[in-house]
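Secondary and tertiary structure notes
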Number of protein chains: 2
Amino acid sequence: MAKKLAESCGLGPAFSVIGGKWKALILWLIRTEPRRFGELKRLVPDISEKMLIQQLREMEAHGLVHRKVFHEVPPRVEYSATPLGVSLDDALVPLAEWGKQHAERIGAQQAAE
Amino acid sequence: MAKKLAESCGLGPAFSVIGGKWKALILWLIRTEPRRFGELKRLVPDISEKMLIQQLREMEAHGLVHRKVFHEVPPRVEYSATPLGVSLDDALVPLAEWGKQHAERIGAQQAAE
DNA sequence: TAAGGTACCTACCTGGACGTAAGTATTGAG
DNA sequence: CTCAATACTTACGTCCAGGTAGGTACCTTA
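A brief structural summary. (Residues numbered from 1 in each chain as written. Chains lettered and ligands numbered in written order. Predicted model: local features only at pLDDT ≥ 70, side-chain atom pairs only at ≥ 80, totals over all residues. Heavy atoms only, no water.)

A word on the packing of helix H3 (residues 23–30) of chain A against helix H5 (residues 49–61) of chain A
All names here are of chain A. Note the following rule: Orientation is described by axes fitted as lines to C-alpha atoms, over the contacting stretch for helices, and by angles from 0 to 180 degrees between their N-to-C directions. In this description a helix means any DSSP run of H or I spanning at least four residues, a strand means any run of E spanning at least two, and both kinds are numbered starting from the N terminus. Here the word oblique covers every angle except those under 35 degrees (roughly parallel), over 145 (roughly antiparallel) and from 65 to 115 (roughly perpendicular). For this analysis, residues touch if any pair of their heavy atoms sits within 4.5 Å. Each residue is assigned to one of three groups, with Ala, Val, Leu, Ile, Met, Phe, Trp, Tyr, Cys and Pro labelled nonpolar, Asp, Glu, Lys and Arg labelled charged, and all others, Gly among them, labelled polar.
Across the interface, H3 lies against H5 with an axial gap of 10 Å and an inter-helix angle of 75°. Classed by the angle they form, the pair H3 and H5 counts as roughly perpendicular. Side by side, H3 and H5 meet where Lys-23, Ile-26 and Leu-27 of the first sit next to Leu-52, Gln-55, Leu-56, Glu-58 and Met-59 of the second. Residue classes in the contact of H3 with H5 are distributed as five nonpolar, one polar and two charged.

Some words on the protein's contact with DNA strand D
What counts, and what does not: Here a residue is near a molecule or strand as soon as one of its heavy atoms is found within 4 Å of it. N or O atoms closer than or at 3.5 Å make up a polar contact, with two conditions inside protein: a donor-capable atom paired with an acceptor-capable one, and, for residues adjacent in sequence, both atoms drawn from side chains.
Of all residues adjacent to DNA strand D, which total 20 residues, the nearest are Lys-50 of chain A together with Glu-49, Arg-57, Arg-67 and Tyr-79 of chain B. Here DNA strand D approaches the protein such that, of its atoms within 4 Å, sugar and phosphate make up 65%. One of the side-chain nitrogen or oxygen atoms of Arg-57 of chain B is found 2.7 Å away from a phosphate oxygen of DNA strand D. Between a phosphate oxygen of DNA strand D and a side-chain N or O atom of Tyr-79 of chain B, the distance comes to 2.7 Å. Of all the secondary-structure elements, those providing two or more residues to the surface near DNA strand D are H5 of chain A together with helix H4 (37–43), helix H5 (49–61) and strand E3 (76–81) of chain B.

Section: the sheet that holds E3 of chain B
All names here are of chain B. To be explicit about the condition: Think of it this way: DSSP has to see at least two bridges between two strands before they count as a pair.
Sheet architecture is open: three strands sit in the order E1-E3-E2, paired in antiparallel fashion. In the strand order of this sheet, the two ends are held by strand E1 (35–36) and strand E2 (65–70), each with one partner. With six bridges connecting them, E2 and E3 associate as antiparallel partners. Counterpart to Phe-70 in the pairing with E3 is Arg-76. Its contacts with the sheet put helix H3 (residues 23–30) on E1, E2 and E3, and the angle it makes with E3 is roughly 100°. Contacting E2 and E3, H5 runs over the sheet at an angle of about 115° to E2.

Shape is all these values report; function is a separate question.
Structure follows, in structure tokens:
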């Protein structure tokens, strides 16, 4: 797996935790304020419920996300970023900046979609 | 595609360019000095030739990598990072740092492999 | 009785990322 | 005439992230 190499630059672990289609976006959304499941579903309209819950669970297992259950009726669950999650989101900021700055150049080649 | 959202945080374009299993590693390897095809193949022993050339071509198309052909015999090709490539690699540094710092915590949950 | 809103869970399927293995063109060395 | 070494190219197969669609349990309102 070229593990030694991948880990030597630290990106292996990072990508294993934030990789995939949705996690970065979810982390970004709960970074500032706790969000309910249904709220996230509405904020990311193209995600399926299965994916949303799956990503949240994985992020919870990785210690990026805190899950708080309110024993009410109807049920209510809030997801928020842990300090670790916030630190990861911070580490993503430069990449996001880069993406914004060069979005056009890149978008040009992917004009479709 | 939740494009507006994904782009609003800039990570969409960035991931579309550096995502996947190999690109970040390749970029990291050619960042400091030009590398030959066979050299990269040796440095990333688990990559197949097909994947290597495919990733290099995509990165070239995205303007991250420069390809220089020496018309010699035997043939010789050198790949190097463009300024854009270097800037992207810079943007990845904080993420790599984060990965290094938390590699253990993460690795613990993926003990296998 | 039934309809609607939470927050999930489960089985099944598809597309594309990725891997494997073989072939190409060139030329010098033996 | 064959072999080695370069940098690819091509056909084919596999596997899993992600998508689809339906179901669960609970309570409220009408």
